[in-house]
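Descriptive analysis of the structure
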Amino acid sequence: MVLLAVVVLPRLLPAADRPRWIEQTITTSRVVFVLLLLTLITAEVRDFFELRLFTLAAQGPGAETTRVLEQLGNEKQLSLSGVWLFFSIVLMTFGLLRGRRVMRVVAFVLFGISILKIFIYDLSYLETLYRIISFAALGLILLLVSFLFQRYKDVIFGEEEQGRVKGEERGVKSEGGS
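Residues numbered from 1 in each chain as written. Predicted model: local features only at pLDDT ≥ 70, side-chain atom pairs only at ≥ 80, totals over all residues. Heavy atoms only, no water.

**Thoughts on the overall build of the chain**
A count of helices and strands for the chain gives six helices and zero strands. From first element to last, N terminus to C terminus, the chain shows the α and β order α-α-α-α-α-α. The buried share of the chain, reckoned over its 178 residues, is 29%. Residue pairs at least 24 apart in sequence account for 61% of intrachain contacts in the chain once pairs closer than 6 positions are excluded. As presented, the chain carries roughly 12,200 Å² of accessible surface, and 66% of it is formed by carbon and sulfur atoms. (Helix = DSSP H or I, 4+ residues; strand = E, 2+ residues; numbered from the N terminus. Buried < 20%, exposed > 50% of the residue type's maximum accessible area, 1.4 Å probe, protein only. Contact = heavy atoms within 4.5 Å. Areas by Shrake-Rupley, 256 points an atom, 1.4 Å probe, with all protein chains shown as cover.)

Here it is as structure tokens:
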């Protein structure tokens, strides 16, 4: 049903002829579709690690098994954070290329949630050396994102257009001058 609303509904009526409630339904359907996709991707990552954890736990108790189980649990959490970050980047790219403001905002929120999860939860389980490296890498990522955000915030949070973002039109020169 969500896929039907996301794909078919926008093509039934031209954008100029659509009532406001149809536009809101299309936007809401897109957000629901993105959240469902995120849920499915998260479930796949969790299932991958849960199968490995279950197989390892079936071997029986032991000091080595316990250490590996703990390490796999940490890898699962870090992998989830990495997948969420990657998904937010893909979503931001899609939102910029297709001119979908709501997708850009959802990507921005997901990126923030991912960074908070890494700071609050994931880094607390790492050993000191890995924690230092992770903080340095996360600091570089945050510096890059803040630079890009500062430079392109009008594009990211700009108004929606049909297939283009208003910020892209700034570089176009008028034909009458110079």
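**Description of helix H5 (residues 101-120)**
Between the first and last C-alpha of H5 there are 29 Å, a value that for 20 residues agrees with the 28 Å anticipated at 1.5 Å per step. The set of residues buried in H5 consists of Met103, Arg104, Val106, Ala107, Leu110, Phe111, Ser114, Ile115, Lys117 and Ile118. Where H5 is buried, its residues meet helix H3 (20-57), helix H4 (63-98) and helix H6 (128-156). (Expected span 1.5 Å × (residues − 1).)

**A short note on the pattern of salt bridges**
Should the charged atoms of two oppositely charged side chains come close, the side chains can pair. Under the defined criterion, the tally for this structure stands at two salt bridges. A salt bridge links glutamate 50 to lysine 76, with the nearest nitrogen and oxygen atoms 2.5 Å apart. Taken as a pair, glutamate 50 in helix H3 and lysine 76 in helix H4 lie far apart in primary sequence, 26 residues in all. With a closest N to O distance of 3.0 Å, aspartate 122 and lysine 117 form a salt bridge. The residues aspartate 122 and lysine 117 share a single accessibility class, namely buried. (Salt bridge = Lys/Arg side-chain N within 4 Å of Asp/Glu carboxyl O.)

**Description of the side chain of arginine 104**
By the element assignment, arginine 104 lies in helix H5. Note on arginine 104: relative accessible area 0%, which makes it buried.

**A word on the nonpolar core**
One finds Val34, Leu38, Leu72, Trp84, Phe87, Leu91 and Leu110 to be the most contacted residues of the largest nonpolar core, which totals 17 residues. The set of elements that each furnish at least two residues to this core consists of H3, H4 and H5. Contact partners of phenylalanine 87, with chain neighbours within four places excluded, come to Val34, Leu37, Leu38, Ile41 and Leu110. Core analysis: the next-biggest nonpolar cluster, separate from the first, contains seven residues, Leu85, Leu123, Leu126 and Leu138 among them. (Core = buried A, V, L, I, M, F, W, Y, C linked by side-chain atoms within 4.5 Å.)

**Points about the environment of aspartate 122**
Relative to the helices and strands, aspartate 122 is located in the loop between H5 and H6. By relative accessible area, which is 3% here, aspartate 122 ends up buried. Once you skip the residues sitting within four places of it in the chain, aspartate 122 turns out to touch Gln77, Leu78, Ser81 and Lys117.

Such coordinate-based values are descriptive only and should not be taken to indicate function.
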